[in-house]
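Observations on chain architecture
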Amino acid sequence: MQIDIITLFPEMFDGPFGASIVRRAIDAGLIKIDIHNLRDWTHDGRRTVDDAPFGGGPGMILKPQPLFEAVDALRSDAAVTVLLTPNGELLKQPLVRELAAAEHLILICGHYEGVDERVADHLANKCISIGDYVLSGGELPAMVIADAIVRLLPGALGCADSTREEAHEGGLLEYPQYTRPAVYRGNPVPEIVRSGNHQQLERWKRRQALRRTADRRPDLMTAEAELELAWLELELARMGVEASG
Ligand code: ADE
């Protein structure tokens with residue numbers, strides 16, 4: 001997979017892509033990530049990328065010309081071009097999976113007060129936001145997208161199963177996990193987790209994932225999930241497993 005990132009601040013990417021899982025994936029040849037300076041596609045001595053908005057208003061707008069020329073230069077037949085913008089479709093795990101299936105991604109980092117709308121309308125295939133808040137540019141969102149994609153690439157994580165049960169993969173938050181010691185600062189690991197009763201433990205994990213989702217992210221709960229949670233609460237109570245485990 002190839003990711004090209006078009007930005008006004010190439011140096012911002014050195015840290016995040018120079019360490020951890022992304023770095024390992026690059027070193028292993030699972031992904032190639034190239035960072036491009038938008039100013040390389042300007043033609044004036046001052047390397048101008050922005051201009052005042054038509055009709056007035058605060059701030060500057062990224063001009064279409066350097067962005068169109070940058071994408072023209074980088075585009076392949078397989079390329080999916082994405083504009084990072086707070087006005088985009090919200091990034092969730094299914095969209096991350098869709099992006100991870102692409103052979104070639106071109107990520108455009110917006111900046112200043114905005115980007116000329118013709119970029120969204122006639123250059124980008126998708127506009128994506130990473131959350132309902134406004135950042136100072138698309139660089140952090142591009143890093144978030146690259147990181148979320150890389151960990152889905154076969155071979156990027158140590159263990160092939162690591163992404164299977166994690167948060168958001170099944171539309172729910174993840175069940176809680178524990179390691180040694182069994183009691184820390186007076187707080188014990190739930191009994192069920194150390195009980196060795198595999199069948200009860202699987203039900204408990206599922207119930208905890210559903211319970212946590214209902215409490216923290218009720219927007220993710222479906223009618224089926226509510227029913228399943230109610231059934232598991234009854235079932236675990238019948239088996240004598242307490243809510244805390
Ligand atoms: N640029 C500024 N804020 C953003 C956001 N929330 N998502 C994507 N790009 C952005």
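Residues numbered from 1 in each chain as written. Predicted model: local features only at pLDDT ≥ 70, side-chain atom pairs only at ≥ 80, totals over all residues. Heavy atoms only, no water.

A short note on the pairing of strand 6 (residues 104-109)
- Within strand 6, six of the six residues are buried, leaving the element largely enclosed by the surrounding structure.
- In strand 6, alternate side chains face the same way, and those of H104, I106 and I108 on one face and L105, L107 and C109 on the other are all buried.
- In the sheet, strand 1 (residues 2-7) pairs with strand 6 via five bridges, with the strands oriented parallel. Directly across from I6, in strand 6, lies its bridge partner I108.
- A crossover links strand 5 (residues 79-90) with its parallel partner strand 6, the connecting element being helix 4 (residues 93-100), and its sense is right-handed. (Buried < 20%, exposed > 50% of the residue type's maximum accessible area, 1.4 Å probe, protein only. Helix = DSSP H or I, 4+ residues; strand = E, 2+ residues; numbered from the N terminus. Pairing = 2+ DSSP bridges. Right-handed = clockwise from strand over helix to strand, strands pointing away.)

Structural notes on the side chain of D116
- Locating D116 in the fold gives a position in the loop between strand 7 (114-115) and helix 5 (117-122).
- There is a polar contact of 2.8 Å between the side chain of D116 and the side chain of R118.
- In this structure D116 touches I61, L62 and P64, once residues within four positions along its chain are discounted. (Polar contact = N/O pair within 3.5 Å; in protein donor to acceptor, adjacent residues only side chain to side chain. Contact = heavy atoms within 4.5 Å.)

Some remarks on the packing of aromatic side chains
- Applying the stated criterion across every chain, the model contains one aromatic pair.
- Here the aromatic rings of F13 and F17 are separated by 5.6 Å at their centres, their planes lie at 45°, and the arrangement is tilted. (Phe/Tyr/Trp six-rings, centres within 6.5 Å; stacked < 30°, edge-to-face > 60°.)

As for the pattern of salt bridges
- According to the stated counting rule, one finds 15 salt bridges in the structure shown.
- The partner of K32 in a salt bridge is D34, and the shortest N-O contact between them spans 2.7 Å.
- Take K32: its relative accessible area is 45%, and that puts it in the partly exposed class.
- With its nearest N and O atoms 2.8 Å apart, the salt bridge here joins R118 to D116. (Salt bridge = Lys/Arg side-chain N within 4 Å of Asp/Glu carboxyl O.)

Let's talk about the side chain of K126
- Its location among the elements puts K126 in strand 8 (residues 126-129).
- Only 3.2 Å separates the side chain of K126 from the side chain of E98, close enough to count as a polar contact.
- Other than its neighbours up to four places away in sequence, K126 contacts T81, V82, L83, E89, L95, E98 and L99.

Points about the site of the ligand
- In the region of the ligand, the neighbouring residues are L84, T85, P86, I128, S129, I130, G131, Y133, V134, L135, G137 and P141.
- Y133 has a polar backbone atom sitting 2.8 Å from a nitrogen atom of the ligand.
- The protein chains hide 96% of the 260 Å² of surface that the ligand would expose on its own.
- For the shell around the ligand, the secondary structure elements donating two or more residues are strand 5 and strand 8.
- A per-element tally of the shell around the ligand places strand 5 first, with three residues.
- Of the residues that constitute the shell around the ligand, the class distribution is eight nonpolar, four polar and no charged. (Near = heavy atom within 4 Å. Areas by Shrake-Rupley, 256 points an atom, 1.4 Å probe, with all protein chains shown as cover. Nonpolar A, V, L, I, M, F, W, Y, C, P; charged D, E, K, R; others polar.)

By themselves, these figures tell us nothing about what the structure is for.
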